[in-house]
Amino acid sequence: MGTATITYGNFIQNVVDFLIVAACIFTMLKFLSHFKKTTNDQLDEEEPKKDDTVVLLEEIRDSLKANKVDK
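Thresholds, definitions, all that
Residues numbered from 1 in each chain as written. Predicted model: local features only at pLDDT ≥ 70, side-chain atom pairs only at ≥ 80, totals over all residues. Heavy atoms only, no water. Helix = DSSP H or I, 4+ residues; strand = E, 2+ residues; numbered from the N terminus. Buried < 20%, exposed > 50% of the residue type's maximum accessible area, 1.4 Å probe, protein only. Areas by Shrake-Rupley, 256 points an atom, 1.4 Å probe, with all protein chains shown as cover. Patch = residues over 30% accessible without salt bridge, like charges linked within 9 Å, V, L, I, M, F, W, Y side chains within 5 Å. Salt bridge = Lys/Arg side-chain N within 4 Å of Asp/Glu carboxyl O.

A. Up close: the overall build of the protein chain. The helix and strand tally for the protein chain stands at two helices and zero strands. Expressed as a percentage of its 71 residues, the buried residues of the protein chain come to 0%. Carbon and sulfur atoms provide 65% of the accessible area of the protein chain, an area that totals close to 7300 Å².

B. Quick peek at a nonpolar patch on the surface. Together, I6, Y8, F11, I12, V15, V16, F18, L19 and I20 give the surface a local cluster of nonpolar side chains, amounting to about 1000 Å² of exposed area. Mapped onto the secondary structure, V16 falls in helix α1 (residues 8-45).

C. Structural view of the pattern of salt bridges. Using the criterion set out here, one finds two salt bridges in the structure. Linking D62 and R61 is a salt bridge whose minimum nitrogen-to-oxygen distance equals 3.3 Å.

Put into structure tokens, the structure is as follows:
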């Protein structure tokens, strides 16, 4: 019936290769999520300055609302 060979070395090599690839993918995803979080935090901190006319109009709106409530 032929000779039977047990090639457990191949199996071990495939497991090690899988673990190396899985660790690389995991590390890459962790890095990308950290980078994305850092980028989003920086974007949140940088609020655009409002134009002076917009600020003035908002103050007028707020004062009109306050006067309307008082009456």
